[in-house]
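Okay, here's what each chain looks like letter by letter:
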Amino acid sequence: MGGRSRNQDKRLIAASALMFAISLLLQILARKVPGFGDWYARRVYRFMVGSIGRLSGGFPFALVEAGTCLLILYVVYYAFIHRKEGKKILIRAVFLVTGLFLLFTVDCGINYYRKPFSSYSGLEVRLSSLEELKSLCLQLTDEVNRICREGLAEETDLKSLEKESVKAMKRLGEVYPELAGYYPPPKPLLWSYFFSVQQLCGQYSPFTVEATYNRSMPDYNIPHTVCHELSHLRGFMREDEANFIGYLACIGSDDNAFRYSGNLTGWIYATNALAKADREAYAEVCGLLSEKAWADLRYNNEFWGKYEGKTAEVSNRMNDTYLKLNNQSDGVASYGRMVDLMLAYARSK
């Protein structure tokens, strides 16, 4: 038995070394070879989504959530059974970590080094005047108010929403070919409290190629969030661009809930930028917004306010560090760049 165990340990060590070497090589290629990230996202990652994503998409629940729970239980059980075999536990822990690192690299990490979406869209991203920003804010206000007058459903039907999100992304793919292709349905986390305490709306899982979202958050957040996460399945990992793609998908939808979500989310980003540039103009725009929208925004603040604390602070710092390690040097501040993309899109129209 001892010889068999030693041989197994050697195989696990060799496999760990190989997985780490492959991951490291791919990370270096993505960072150092011009065009590699773009080629990979278009040729290889699309295959990953069409295979792994199609497989995981066939399950009615989030595999990443179920898998995480089972993995934790197994690790605790294994560590208890072999608690006196520290070397054995360490070898298997290294094998698990390097395996997850490889999955992250091939299903996510390399995509951070592809060309930005703006380079495919034909949009001219540049500095904009204050008048352009005011005009955008007023357009968004008018659109939000119009949708409020038309009326929205009292409750969100999550199944219909998930289908519409895929439909909206496919429709956007007809305009921007880089967004065309297979999309698995987004999935709500059963234990969405886990996302809420971290103040997360959604997350892309590179380990199962799934788009997941927080089903407990205010309804108006959900359509934009799921489209944002689905954009990662086309290899666009930058958060500002995922926000913008989600915005485009929502405002192009036939569903009022999606158009409301996209326009109100865009309104928040645009008016926040306006508030920094011109407080009087900001106050004027705010005064024009529908009371229905204000009620949703107040409820949104109340909802997330319940979860402010040390956990959310640590989560935000970890997210900031993660973004900086993956070629988003501004960290969380990169989210503000969405406004430049919205202005570029408004100019194109």
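(A) Examining the packing of helix H9 (residues 221-231) against helix H11 (residues 256-277) more closely. One can describe the packing of H9 onto H11 by two numbers: an axis separation of 7 Å at closest approach and a directional angle of 85°. By the angle between their axes, H9 is roughly perpendicular relative to H11. In contact with Asn221, Pro223, His224 and Cys227 of H9, H11 contributes Ala257, Phe258, Ser261 and Thr265.

(B) Up close: the environment of Met19. One can find Met19 in helix H1 (residues 2-32). Residue Met19 is classed as buried on the basis of its relative accessible area of 15%. A sequence separation of 99 residues divides Met19 from Ser118, and the C-alpha atoms of the two residues are 33 Å apart. Setting aside residues no more than four positions away along its own chain, Met19 makes contact with Phe95, Thr98, Gly99 and Leu102.

(C) Representation of the confidence of the model for the protein in the model. Here the protein shows a mean pLDDT of 89. Residues at 70 or above account for 91%. Ranking the helices and strands of the protein by mean pLDDT puts H9 first, with 97, and helix H14 (residues 310-325) last, with 45. Note that residues 314-326 has pLDDT below 50 and, in this model, 22 contacts with residues that lie over four places away or in other chains.

(D) Just the packing of aromatic side chains, in detail. If you walk through the whole model with that rule in mind, you get 18 aromatic pairs. With a centroid separation of 6.2 Å and an interplanar angle of 25°, the aromatic rings of Trp191 and Phe194 are classed as stacked. Overall, the relative accessible area of 54% leaves Trp191 in the exposed class. A centroid spacing of 6.2 Å and a plane angle of 70° characterise the contact between Phe244 and Tyr345, whose relative ring orientation is edge-to-face. Remark: Tyr345 occurs in helix H15 (residues 338-348) and Phe244 occurs in helix H10 (residues 239-251); sequence separation between them is 101 residues. Across the ring face of Tyr183, the terminal group of Arg234 is positioned such that the distance to the ring centre comes to 4.8 Å.

Cut-offs used in this document
Residues numbered from 1 in each chain as written. Predicted model: local features only at pLDDT ≥ 70, side-chain atom pairs only at ≥ 80, totals over all residues. Heavy atoms only, no water. Axes fitted to C-alpha atoms, helices over the stretch in contact; angles between N-to-C directions. Helix = DSSP H or I, 4+ residues; strand = E, 2+ residues; numbered from the N terminus. Parallel < 35°, antiparallel > 145°, perpendicular 65-115°, else oblique. Contact = heavy atoms within 4.5 Å. Buried < 20%, exposed > 50% of the residue type's maximum accessible area, 1.4 Å probe, protein only. pLDDT = per-residue confidence, 0-100. Phe/Tyr/Trp six-rings, centres within 6.5 Å; stacked < 30°, edge-to-face > 60°. Lys NZ or Arg CZ within 6 Å of the ring centre and 35° of its normal.

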